[in-house]
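Remarks on the overall topology
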Amino acid sequence: MNQYLEKWAGKELMAELEEGTINAPQDLLGCHIFKEEGVQIFTAYRPCAENIWVLNTKGIVVGEMEPMEVEGLFGFVIEKKKDFLTDYRFRVKYTEDDVVELCDPYAYEKQITDFDCYIFGEGKHYQIYEKLGAHLETIEGVEGTRFAVWAPSARSVSVIGEFNMWDGRLHKMMLHGGSGFFELFIPGAWEGAAYKYEITARDGERHYKTDPYGNYAQLRPDNASRITSLSGYEWQDGEYQKKIRKKSVAQRDREPMNIYEVHLASWKKKVEDDDNGNYSYRELASMLGDYVVDMGYTHIELMGIAEYPFDGSWGYQVGCYYAPTSRYGEPKDFMYFVDEMHKRGIQVILDWVPAHFPKDAHCLGNFDGQALYEHPDRRRGEHPDWGTYIFDYGRKEVMNFLVANALFWVDKFHIDGLRVDAVASMLYLDYGKQDGAWLPNKDGGNEHYEAVEFLQHLNSVMAQEQPGAYIIAEESTAWPGVTDSVKNHGLGFSYKWNMGWMNDFLEYMKLDPYFKQFHHDQLCFSINYYLSEKYILVLSHDEVVHGKCSLWNKMPGLEGDKYAALRAAYGFMYGHPGKKLLFMGQEFAQKREWAEMRSLDWFLLEDERHKKMQDYIRDMNRLYTENHALYYNDFDVMGFEWMDCRRPETSTVAFVRRGKTAKNQLMFILNFTPIAHEKYTVKAPCKGKYTEIINSDDEKYGGQGRLNTKPIMARKVEIADDKGEGKKTGYELELYLPPLSVVVLKFDYQA
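The rules we used
Residues numbered from 1 in each chain as written. Predicted model: local features only at pLDDT ≥ 70, side-chain atom pairs only at ≥ 80, totals over all residues. Heavy atoms only, no water. Axes fitted to C-alpha atoms, helices over the stretch in contact; angles between N-to-C directions. Helix = DSSP H or I, 4+ residues; strand = E, 2+ residues; numbered from the N terminus. Left-handed = near helix turned anticlockwise from the far one by under 90°. Contact = heavy atoms within 4.5 Å. Core = buried A, V, L, I, M, F, W, Y, C linked by side-chain atoms within 4.5 Å. Buried < 20%, exposed > 50% of the residue type's maximum accessible area, 1.4 Å probe, protein only. Phe/Tyr/Trp six-rings, centres within 6.5 Å; stacked < 30°, edge-to-face > 60°. Patch = residues over 30% accessible without salt bridge, like charges linked within 9 Å, V, L, I, M, F, W, Y side chains within 5 Å. Areas by Shrake-Rupley, 256 points an atom, 1.4 Å probe, with all protein chains shown as cover. Salt bridge = Lys/Arg side-chain N within 4 Å of Asp/Glu carboxyl O. Lys, Arg positive; Asp, Glu negative; His and termini not counted. Charge placed at Lys NZ, Arg CZ, Asp CG, Glu CD. Pairing = 2+ DSSP bridges. 1 Å grid on protein atoms, 1.4 Å probe; cavity = no way out; pocket = protein on both sides within 12 Å on 5 of 7 lines; lining within 4 Å. Points joined across faces, edges and corners; volume = space filled by probe spheres on them. Nonpolar A, V, L, I, M, F, W, Y, C, P; charged D, E, K, R; others polar.

**Let's talk about the packing of helix α10 (residues 396-413) against helix α12 (residues 449-465)**
Axis angle and axis distance: for two packed helices, these are the angle between their axes and the distance between the axes, and together they describe the pair. Interaxial distance between α10 and α12 falls to 10 Å at its minimum, and their mutual angle equals 35°. The interaxial crossing formed by α10 with α12 has right-handed handedness. Judged by residue contacts, Met-399, Leu-402, Val-403, Ala-406, Leu-407 and Val-410 of α10 engage Phe-454, His-457, Leu-458, Val-461, Met-462 and Glu-465 from α12.

What follows is the structure, encoded as structure tokens:
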């Protein structure tokens, strides 16, 4: 062996190379120049190769490399030369029929800087997704892919994939000091190629992981990442972005927000009873976009877009946080989908799951052989009921991973907002756990201080970096200040799902009409706290699955009563303060429970009762979006006033919604029993004329047509004052109130 090679290739590095544990392969492999001695050393590691030659830029052989002690390791030395060969290639011969030429991956400098490492360690590298993951690049005229991954406890990391026959010996990654970052540029690694990281743990065991920052993944059940580029899509939503993103929080709060919650695979299927019989993002863009516009929704909320391994999790056990699921196409197809929604003026909300992640071997769990993304103590690191891991919110790099991911969806895919799933499970250390199976905080309590800090940081950073975007909390407890500002020690969310209202209201609606009188508080109680947070009223997917039955089936009585009661229920939701969300299928009274493996029952629209329910929801959506009284003062005390909430014996209520002017105010009168009131009298807010604009008993909605066709004039009456100490002048209305109905009256306020 050449004396320089023998001196250069130390026994320790060669042993690590042979064992597959080398984490600084650039110290042994590649090109090394010693100017003072006029020596240039080339080394290459290609197991099973017979010969390797060094070539110059013109493809001319400079010299043949000689085998070294480690099988597959070859070396070549140029001595006593002033002009060194800095641009070179290798020609590798495996057999007479298998000769390849390739660029040396160790000829390229690392792109991650010390500053990147530092700010990531501080938890503040909010565009870390531009550094980690797989990025197609051209360096010095050579096309390839730069891979980078964070694995601080790994002994070594290799990139394996279709471009290297999944051989972990060929592309050992270079470690950045003590940062835990491994990086390597692989010439020729092409777009669309599948890859993984082969991670050798401290105990020598090898783990095969998808890329935590990868942007595209194989269609399940395969679980490798795919190389892709997020650049090059020509967005058409520039004007939309300017219009939407410049709005202040106060402006957004005073606008309608009418959300259609959608699970793409089961909204409509191309092929029934086929797991892969889904429409694509591009097909759904026009189908769903046109439908949402026709129905009068302002937003869609998508379940399960970040890649996930198991269909039955609906996307709430995420495997690849930075990749839109390949069930419906490629990442740029999803860009097209969002773009088409924006062309139609529809805002797009994604369900986002920072609460937990699955234990599948290829995912984040024990990523580098030890707990990395999850908390190392099982009492904090696992959800026993869900069989999933819990993120370690106290680790800055993990917090960085999640915060950057939230920003990523807004930045790269123009998402308008995120709905954070299962916030309560993050806030409470004992959530879903038995006594002794959870670890208290430093003060002995069950509040998860690190999760609180993470959520506050998330919302603060989003407000700063993407001020036009919003974050919604699915939080099912009475944790205070969920939508209060971080400055006021709140969590800083834009909105909160009103789970209390949903549960109380649906329990009330399920009751036999006779028993409703004993549960009147369940109907009215939400008004006691509706100003405590900025709420979204939700009738979500969780309420129509797993034995809970559809909303239609929750309604008591015979078929006709079910339709009428459901129309009344929807009427109460649209009138109640708060933004709105309705799960797909409920707009046409889906009868069966929702199931992710099958399409909605669109055939029901052949039945006029379901078609008329759809027409009713379409008109209620228009009523909501076209009347500022129903949204402008959602979070202001002047936006709502009871007219009647004290007649439990009749299960009737009435209230007024006020908008930004004295004109076009609305009054809702609801009857939740199958008993008609021919001369129903109810308090009126002022004198004047009241005109019926919606009546759920209208024949066009499936009712019997018992309407108030003429304007109703308020009459002056003497009523008891609020203290019950005397009489004062007031006004009341008399109208026909059909059974199981909502009547909506429009009026102009007159002092």
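That covers the picture; the talk isn't over yet.
**Points about the nonpolar core**
Counting residues in hydrophobic clusters, the biggest one holds 199 residues, and the most contacted among them are Phe-147, Tyr-260, Phe-334, Phe-337 and Tyr-373. Ranked by residue count, the leading element in this core is α10, at twelve residues. Once you skip the residues sitting within four places of it in the chain, Phe-337 turns out to touch Leu-264, Tyr-281, Leu-284, Ala-285, Leu-288, Ile-300 and Leu-302. Among the nonpolar cores identified, the runner-up in size contains 18 residues, and Ile-669, Tyr-690, Ile-712 and Ala-714 belong to it.

**Notes on the packing of aromatic side chains**
Going through the model one piece at a time under the given rule, you end up with 66 aromatic pairs. Look at Tyr-508 and Phe-672: their rings are 5.7 Å apart centre to centre, the planes differ by 90°, and that puts the pair in the edge-to-face class. With Tyr-508 in helix α13 (residues 499-510) and Phe-672 in the loop between β32 (665-671) and β33 (677-684), this residue pair connects regions lying 164 residues apart in the sequence. Judged on exposure class, the residue Tyr-508 and its partner Phe-672 are both buried. With 4.9 Å between their ring centres and 40° between their planes, Phe-588 and Trp-602 make a pair best called tilted. With Phe-588 in the loop between β29 (579-583) and α18 (608-626) and Trp-602 in the loop between β29 and α18, the pair connects residues that are 14 residues apart, well separated along the chain. For the pair formed by Phe-588 and Trp-602, the shared burial category is buried.

**Quick word on unusual backbone geometry**
Between Arg-220 and the following residue, Pro-221, the backbone shows a cis peptide bond with an omega angle of 15°. Of note, Pro-221 is situated in the loop between β15 (206-209) and β16 (225-226). In the Ramachandran plot, Ala-589 falls in the positive-phi region, its phi being about 60° despite a non-glycine side chain. Note on placement: Ala-589 falls in the loop between β29 and α18. Take Ala-589: its relative accessible area is 1%, and that puts it in the buried class.

**With respect to a negative patch on the surface**
On the surface, a cluster of negative charge is made up of Glu-272, Asp-273, Asp-274 and Asp-275. By secondary structure assignment, the location of Asp-275 is in the loop between α6 (264-267) and α7 (281-295).

**Digging into the sheet that holds strand β12 (residues 174-175)**
One open sheet holds the four strands; their spatial order is β9-β10-β13-β12, and the pairing between them is antiparallel. What marks the edges here is a single partner per strand, and that holds for β9 (133-139) and β12. With seven bridges joining them, strand β10 (residues 142-150) and strand β13 (residues 181-187) adopt antiparallel strand pairing. Of the residues in β13, the one forming a bridge with Phe-147 is Leu-184.

**Focus on empty space enclosed by the protein**
Any empty space left between the atoms is revealed when a probe the size of a water molecule rolls over them. Taken as a whole and assessed by the stated rule, the structure comprises four cavities of 30 Å³ or more. Size it by volume and the largest cavity reaches roughly 130 Å³. Tyr-45, Arg-46, Asp-104, Tyr-106 and Leu-170 are, among the 16 residues lining the largest cavity, the residues nearest its centre. Among the elements that make up the lining of the largest cavity, the one with the highest residue count is strand β2 (residues 39-45) (three residues). Residues that form the lining of the largest cavity fall into these classes: nine nonpolar, three polar and four charged. In this structure, the second largest cavity occupies an estimated 90 Å³ of space. As for the second largest cavity, its lining consists of Arg-220, His-263, Ala-265, Lys-269, Asp-275, Asn-278, Tyr-308, Asp-311, Arg-327, Tyr-328, Glu-596 and Met-597.

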